[in-house]
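Okay, here's what each chain looks like letter by letter:
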Amino acid sequence: MAHKKAGGSSRNGRDSQSKRLGLKAFGGELVNSGSILVRQRGTRFHPGMNVGIGKDHTLFATATGTVKYSEQGPKGKSTVSIEPAKQ
């Protein structure tokens with residue numbers, strides 16, 4: 001007996017939904033407090049001044065201001081910070 005599946009049935013068609021990760025606000029951009037800056041898995045980017053981190057490692061602004069990306073420390077870790085807007 002040949003082991004041949006019935007013709008016409010596809011074994012494909014399963015895939016997870018895209019998670020839409022990545023940068024949501026870029027350097028120099030003006031953001032409001034509470035705005036999401038980065039959606040990520042793990043701490044690819046670390047929070048700096050005026051930036052909070054959620055339980056899924058999402059970085060968000062805790063103050064209104066300008067987004068700034070930089071590398072800090074001896075290991076050159078990428079950090080995201082907010083420079084407060086001048087009133």
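Each chain carries its own residue numbering, running from 1 in the direction its sequence is written. The predicted nature of this model means local features are confined to residues of pLDDT at least 70 and side-chain atom pairs, given and counted, to a pLDDT of 80 or more, with totals for whole chains, interfaces and linings taken over all residues. As a rule here, side-chain values come from all non-hydrogen atoms in the structure, and water together with hydrogens is ignored.

## A closer look at the overall build of the chain
- Helix and strand assignments follow DSSP, with helices taken as H or I runs no shorter than four residues and strands as E runs no shorter than two, numbered in order from the N terminus. A count of helices and strands for the chain gives zero helices and eight strands.
- Traced from its N-terminal end to its C-terminal end, the chain shows the element sequence β-β-β-β-β-β-β-β.
- Buried residues in the chain amount to 22% of all 87 residues.
- Residue contacts follow a heavy-atom distance rule, with two residues in contact if any of their heavy atoms lie within 4.5 Å. Long-range contacts, defined as pairs at least 24 residues apart, comprise 41% of the intrachain contacts of the chain with a sequence gap of at least 6. With a 1.4 Å probe rolled over the protein chains alone, any residue whose accessible area is under 20% of its type maximum counts as buried; one over 50% counts as exposed, and the rest are partly exposed.

## Section: the sheet that holds strand 8 (residues 77-84)
- Pairing in this open sheet of four strands is mixed, and the strands run 2-7-8-4 from one edge to the other. The open sheet has two edge strands with one neighbour each: strand 2 (30-31) and strand 4 (46-47).
- As defined by bridge partners, strand 4 adjoins strand 8 across two bridges and the pair is classed as parallel. Opposite Pro47, over in strand 8, you have Val80 as the bridge partner. The pairing criterion is simple: DSSP has to find at least two bridges between the two strands.

## Focus: the pairing of strand 7 (residues 65-72)
- Relative to strand 7, strand 2 runs antiparallel, the two being bridged by two bridges. Residue pairing in the sheet places Leu30 in a bridge with Thr66 of strand 7.
- Between strand 7 and strand 8, which pair antiparallel one after the other, the connecting turn spans four residues, and Gly73 there sits at a positive phi close to 80°.

## Some words on the side chain of Gln40
- Within the fold, Gln40 resides in the loop between strand 3 (36-39) and strand 4.
- Assessed through its relative accessible area of 4%, Gln40 is described here as buried.
- Whenever a nitrogen or oxygen atom comes within 3.5 Å of another N or O atom, the pair is scored as a polar contact, on the condition that within protein one atom can donate a hydrogen and the other can accept it, and that pairs from neighbouring residues in sequence are kept only if both atoms are in side chains. Here the side chain of Gln40 touches Arg44 through a polar contact of 3.3 Å, landing on its backbone nitrogen.
- A distance of 2.8 Å separates the side chain of Gln40 from the backbone nitrogen of Phe45, its partner in a polar contact.
- When sequence neighbours within four positions are dropped, the list of residues in contact with Gln40 reads Leu21, Phe45, Asp56, His57 and Leu59.

## Digging into the pattern of salt bridges
- Each salt bridge in this description consists of a side-chain nitrogen of Lys or Arg and a carboxyl oxygen of Asp or Glu lying within 4 Å of one another. Counted under the stated rule, the structure contains one salt bridge.
- In this structure, Asp56 engages Arg39 in a salt bridge whose closest nitrogen and oxygen atoms are separated by 3.6 Å. Of the two residues, Asp56 sits in the loop between strand 5 (51-53) and strand 6 (59-61) while Arg39 sits in strand 3, which places them 17 residues apart along the sequence.
- On the basis of relative accessibility, which here comes to 35%, the residue Asp56 falls in the partly exposed class.
- Relative accessible area serves as the criterion here: at 31%, Arg39 is assigned to the partly exposed category.

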